[in-house]
Every structure is written in C-alpha cells, then in structure tokens.
Amino acid sequence: MTHAGGTDPKPYSTGERVFGPPNGTFDADWAATALRSNRPELDHATSVRLVEKAWDLLRSQGLRGSELAEALNLEPGLASAVSDVATETARFYLDR
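These figures come from a predicted structure and were not determined experimentally.

A. Region of the structure containing the nonpolar core. Core analysis: the largest hydrophobic core is formed by 21 residues, its most contacted members being Leu35, Val51, Leu68 and Val82. Looking at this core, the elements that each hand over two or more residues are helix H1 (28–38), helix H2 (44–61), helix H3 (65–72) and helix H4 (76–93). It is H2 that provides the largest number of residues to this core, a total of seven residues. The residues touching Leu68, leaving out its near neighbours within four places in the chain, are Ala54, Leu57, Leu58, Leu63, Ser83, Ala86 and Thr87.

B. Local environment of the pattern of salt bridges. Overall, the coordinates contain two salt bridges when judged by the stated rule. Between Arg39 and Glu75 there is a salt bridge; the shortest N-O distance is 3.8 Å. With Arg39 in the loop between H1 and H2 and Glu75 in the loop between H3 and H4, this pair connects stretches of sequence that are 36 residues apart. A single salt-bridge network, built from bridges that share partners, covers Arg39, Glu41 and Glu75.

About the cut-offs
Residues numbered from 1 in each chain as written. Predicted model: local features only at pLDDT ≥ 70, side-chain atom pairs only at ≥ 80, totals over all residues. Heavy atoms only, no water. Core = buried A, V, L, I, M, F, W, Y, C linked by side-chain atoms within 4.5 Å. Buried < 20%, exposed > 50% of the residue type's maximum accessible area, 1.4 Å probe, protein only. Helix = DSSP H or I, 4+ residues; strand = E, 2+ residues; numbered from the N terminus. Contact = heavy atoms within 4.5 Å. Salt bridge = Lys/Arg side-chain N within 4 Å of Asp/Glu carboxyl O.

Written out as structure tokens, the structure reads:
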C-alpha cells in the first residue's frame, strides 16, 4: 500500500507500542517504560512502583506538575521525571 507521497509508509518496529492505555485506565507498565526512556538507570519494577504512586496522588488529590513532584517526596530530578510521565498520561488519556 502506498500513501499520497507514492512510497510505502515506514513500518513500525515489532517492539513499538502504537497505542496508549484506553481512556480512563492506567497502564503502569506502559508509563514505566515512558519513565525509563528518560531515566534508564531505573529498573522496571522501581519505575512501575514510582508511576503507580504518582498516579494514585494524581487521581486521589488532583495533583499534577510541580505539585505532584513535591508530593512524591523523591530526589527532585527523579520526582520531576515521574511527575512528568503521570501528568502527560493524564493529559492524553483523561483530559480528552
């Protein structure tokens, strides 16, 4: 199949996720992978735990951005990275 440019579209790699979690749900594995793309020193289990904690605060207290980062009570750079993933996930999948 070709598109308007006349060439085949670039195929997705087999490991690439082409969709996010459905509206209103939270996929901690998906969010943990996003976090690890910015903080590769984290192992997957730690990343899952951190994004689950952030998501819980986001949903239960309505925190996002810097307020969420502060509430996480982590080293500032890590707290910001975790907060960014949770806030972006909420923006894409809850705010639509």
